[in-house]
Every structure is written in structure tokens, then in C-alpha cells.
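Chain and residue survey
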Amino acid sequence: MITPFREAAARIYNPHAAEWFAGGGQIAGYTCSFMPPEIFHAAGILPYRLRGIETETMEIGDAYYGPYVCTFPKCLLQLAGQGKYGFLSGAVISTGCDAMRRLDECWRMAGKDYPDALPEFFHYFDVPHKTEPHALAWFKDEIRRLITAVSNHYGVLITDENLKSAISCYNRGRELLLEMESLRAAEDVVISGTDAFTVAVAGTVMPRQRFNEHLEALVHELRAAAPEPANGRKRILVTGSINDDTDLVGLIEDAGAVVVADNICFGIRSAADMVRTDGDPVDALAGGYLSNSVCPRMFGAYDQRFANLREKAARTGAEGVILQNIRFCDMHGSENSLIEKDFEAMGIPCLKLEREYGPLTETGRMKMRIEAFLEQLS
Ligand code: SF4
């Protein structure tokens, strides 16, 4: 039951996206969990969260970005320049952080030197950093602007009914992800953290209807399965910078832990909030996506984010917290220090792990630090 998710999460051009493409379907990439994929789903286009796995060299990323910046957006640019995203007919870049915002200008510039790198539809989607009424009004305008741009470019009509149906389909996936999440809180292991994270990543790169069907079957199977005894493995919560690489969670679990919860962009983090299905769908999308201050990109909501983490740790019985961040990520790097201070004040030990994004080039160093941390918890 886990196989379709592993297939989807293991490769950039995964078999589900390839099948969609081979059937004549359009695929549009996006960079941030604040961009509602429901808009593309409503247009009959597959929304695909851009990923950085499979990056082997960095000459294109380095040429446009320079060296001292988070490697995640650089990897996206590298892959785009190499033509790995040639299956996309569109891409939407958002201001998750400044490094990600710069992907818009760097990719446009690289598109001049690498002719096939830039998808035909290339759109900048701004996201406010606050949730006040004026920010919400701005965000609604951005959503309407995106709907108009997609409609005009692809020649499709995105009706309120299409949007509401897309919202319902995404909500069903959210319900199932939350159900899987609740199973992770059990004392014995119903699903490993690596598999749970794989499922969440897969949900961002495969057709939602198909994702829901596979997840429904998986949750059904997990409910009936005999749990595996934890056998003294330490229960860990992982949070911090963006990550779409399942090997990171695997590395922690291979060191003798079980990741009982995560709060990582690409993971379960933004799946918790249902989007309303009544009223104006643009209002519903704006409220649903902006009100959720799960990311430190949102100003003034640290208390809300820490309360959410504290609840997760308490519900899952986490014995330690791993706070990872990609080098040069100021947002997560600084917030991780606050989280560390607050968890340690509660008696929950933390490990701050700064790393380079990419094929686990620092595996040895990270493994050693994780093992030492787990030993400290014993
Ligand atoms: S990890 Fe940090 S710096 Fe990198 S894209 Fe995400 S928020 Fe930006």
C-alpha cells in the first residue's frame, strides 16, 4: 500500500506525473505551501510542488544565485536549467522567503541562457507576511490574479463550482493525512516516520484524486495492522527548514529513533487546516491558506507556532526534538533557537542541526550528531 507513495516521492519525474503527462495533461510547478494548488486542480492541470532531489552539480544555481544562499532554491534552478523540469508547462514562484523570491528573477534570467528552462506560463504569486484584514484583501487579489492568468494562458474557465470541488478533493486528502497522523501517536509503531513523510511528500506531486484513493486504502490497512513494538526507540519530533528528502527522516530512524511527528514544509505541517467549502471559494482559499501561520515567514506568530509544536510533542509523547535548518536559512535558523530555548525549559532536549540541502552529502557528520543526541536521551 505504501508503494505508490514511494514511487511518487522517489523521483522528480515520477510515474504518476509521467502518466498524466503521457495522457496529454498539463503540469504546473509551484514553490510554496501558501500557494493554493486547488486553483490548478480546478483548471484540470496537475499542481506539482517543485523539488530539489536528484541535484548532482550546482554550476547553474551558483552562476545566478552566488554561493551564500540556501541550497534549496538553487537546486530548483539547477534542475530547471538542466531541463529536468521539461515536463512543466507552467510554474508559480512565491515569496516564501527572500531566497525563494529570488528564484523568480534568477529563473527568468537563466531562461535566456538555457532556452528550454523557462516554462511558457511563469507567474509570480505574492504572499503577505501578516494576517491582518488588509493583508487578507491583498492575498485575495493575488489569488484572483492567478486565476485570471491561468484561465487566460491555458484557455480554461475556472468556475466557483470547479474551485469548490477542488477544495473538497484537497480537504479529503487533508482528513486522511490527519488520520494517518493520529496513528503515529500510538505507543507502538503503526507507521514509520519515514513512510509517513513519504506519503506527505507524494501528496504534493501526484494527482490528488489518486492520492486520496491510495491513502484511503493505506489508512484502512494501518488501522487493521498489528503495531510494531517500539523496543526502546526514542520518540522524536522533527521540525525546521524545508525538506522533501525522505532520506533525512530515514537517517534519524536508522540511528535508532522513531519520528513520531514532523513539522516540515512538505510534511504534514500545512495539512491541518481545512478550507471552507461554503461561500465564495476565493475568500475560503485566502482565509484557509493565510490564516495558517505555520511558517516563520509569517510575522508575529511565534507563540502560535510554538503552541502547535508543544501540542504535537505532548500528543505524540516526543522525548526529543530535532531542529534542522538549511545553511543560510535565516528564518528557520533563528526560530529554531527560540524553539530550542522553550522546549528545553519544558525539559524536552533538542538537537539543532544545520545542514546543506542536497543528496545527504553530510551524512557522516549528521549521523554522528544524531546518534550522540539519541544516546543523551537514554
Ligand atoms: S529553507 Fe529557509 S531559506 Fe531555504 S527556501 Fe525555505 S525558508 Fe527559504
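Reference entry: report on the structure contained in this document. (Residues numbered from 1 in each chain as written. Predicted model: local features only at pLDDT ≥ 70, side-chain atom pairs only at ≥ 80, totals over all residues. Heavy atoms only, no water.)

So, on to the overall build of the protein chain. Each helix and strand counted, the protein chain has 15 helices and eight strands in total. Since a compact globule built from 378 residues should have a radius of gyration of about 21 Å, the 20 Å found for the protein chain is in line with a globular shape. For the protein chain, the spread of C-alpha atoms along the three principal axes comes to 60 × 45 × 45 Å. The proportion of buried residues among the 378 residues of the protein chain is 58%. Counting only contacts in the protein chain whose residues sit at least 6 apart along the sequence, the fraction spanning at least 24 positions is 74%. Carbon and sulfur atoms make up 52% of the accessible area of the protein chain, which amounts to about 15,000 Å² in all. Charged side chains of the protein chain number 38 positive and 52 negative; the gap between the two group centres comes to 2 Å. (Helix = DSSP H or I, 4+ residues; strand = E, 2+ residues; numbered from the N terminus. Rg over C-alpha atoms; globule rule 2.2 N^0.38 Å. Buried < 20%, exposed > 50% of the residue type's maximum accessible area, 1.4 Å probe, protein only. Contact = heavy atoms within 4.5 Å. Areas by Shrake-Rupley, 256 points an atom, 1.4 Å probe, with all protein chains shown as cover. Lys, Arg positive; Asp, Glu negative; His and termini not counted. Charge placed at Lys NZ, Arg CZ, Asp CG, Glu CD.)

It is worth spelling out the pairing of strand S8 (residues 350–355) at this point. Taken residue by residue, a regular strand's side chains alternate between the two faces of the sheet. In this sheet, S8 lies alongside strand S7 (residues 320–326) in parallel orientation, the contact comprising six bridges. The residue bridging Gln324 from the neighbouring strand is Leu353, located in S8. (Pairing = 2+ DSSP bridges.)

The next point concerns the sheet that holds strand S4 (residues 121–125). With respect to topology, four strands assemble into an open sheet ordered S2-S1-S3-S4, the strand pairing being parallel. Edge strands, defined here as strands with exactly one partner in the open sheet, are strand S2 (46–49) and S4. Ignoring strand direction, the axes of neighbouring strands in this sheet form an average angle of 20°. Looking at chain direction, strand S3 (residues 90–94) and S4 are connected through five bridges and run parallel. Within the sheet, the bridge partner assigned to Ser94 lies in S4 and is Phe125. On top of the sheet, helix H6 (residues 98–113) reaches S3 and S4; it is set at about 140° to S3, its chief contact. (Axes fitted to C-alpha atoms, helices over the stretch in contact; angles between N-to-C directions.)

Closest axis-to-axis distance for the helix H8 (residues 160–184)/helix H12 (residues 281–290) pair is 9 Å, and the angle between their directions is 30°. Contacts between H8 and H12 involve Asp160, Leu163, Lys164, Ile167 and Arg174 on the former and, on the latter, Pro281, Val282, Leu285 and Tyr289. Taken together, the residues of the contact of H8 with H12 sort by class into six nonpolar, no polar and three charged. (Nonpolar A, V, L, I, M, F, W, Y, C, P; charged D, E, K, R; others polar.)

This part covers empty space enclosed by the protein. Enumeration over the complete set of coordinates arrives at three cavities of 30 Å³ or more. As a volume, the largest cavity reaches approximately 410 Å³. Ser33, Arg174, Ser270, Ala271 and Tyr289 are the residues nearest the centre of the largest cavity, which is lined by 28 residues in total. Among the secondary structure elements, those contributing two or more residues to the lining of the largest cavity are S2, H8, helix H9 (193–202), helix H10 (208–224) and H12. No other element matches the three residues that H8 contributes to the lining of the largest cavity. (1 Å grid on protein atoms, 1.4 Å probe; cavity = no way out; pocket = protein on both sides within 12 Å on 5 of 7 lines; lining within 4 Å. Points joined across faces, edges and corners; volume = space filled by probe spheres on them.)

Quick look at the layout of surface pockets now. Reported here for the largest pocket is a volume of approximately 470 Å³. The dominant element in the lining of the largest pocket, judged by the number of residues it contributes, is H6, at four residues. Broken down by class, the residue content of the lining of the largest pocket amounts to 17 nonpolar, seven polar and six charged.

At Glu54, a position not held by glycine, the phi torsion is positive, near 75°. Along the chain, Glu54 falls in the loop between S2 and helix H4 (59–65). Relative accessible area serves as the criterion here: at 30%, Glu54 is assigned to the partly exposed category. At Phe266, a residue that is not glycine, the phi angle is positive and equals roughly 95°.

Moving on, we get to the site of the ligand. Residues in close proximity to the ligand include Cys70, Pro73, Cys97, Met100, Ser241, Ile242, Ile326, Cys329 and Met331, which together make up its full environment. Here the ligand is seated within the largest pocket. Counted by class, the shell around the ligand contains eight nonpolar, one polar and no charged residues. (Near = heavy atom within 4 Å. Sits in = over half its atoms within 2 Å of the grid points.)

We now examine the pattern of salt bridges. As enumerated under the stated definition, the model contains 29 salt bridges in all. Here Asp244 ties to Arg51 by a salt bridge, and the two come within 3.0 Å at their closest N and O atoms. Here Arg51 lies in the loop between S2 and H4 and Asp244 lies in the loop between strand S5 (234–240) and helix H11 (246–254), a separation of 193 residues in the sequence. One network of salt bridges, with partners in common, ties together Arg327, Glu354, Glu356, Glu362 and Arg365. (Salt bridge = Lys/Arg side-chain N within 4 Å of Asp/Glu carboxyl O.)

One open sheet accounts for four strands, arranged S6-S5-S7-S8; its pairing is parallel. Single-partner strands in this sheet number two, and they are strand S6 (257–264) and S8. Direction aside, the axes of adjacent strands within the sheet are offset by 25° on average. Most of the contacts of H11 go to S6, to which it runs at about 150°, and overall it touches S5, S6, S7 and S8. Strands S5, S6, S7 and S8 of the sheet are contacted by helix H15 (residues 363–377), whose axis makes an angle of about 175° with S8.

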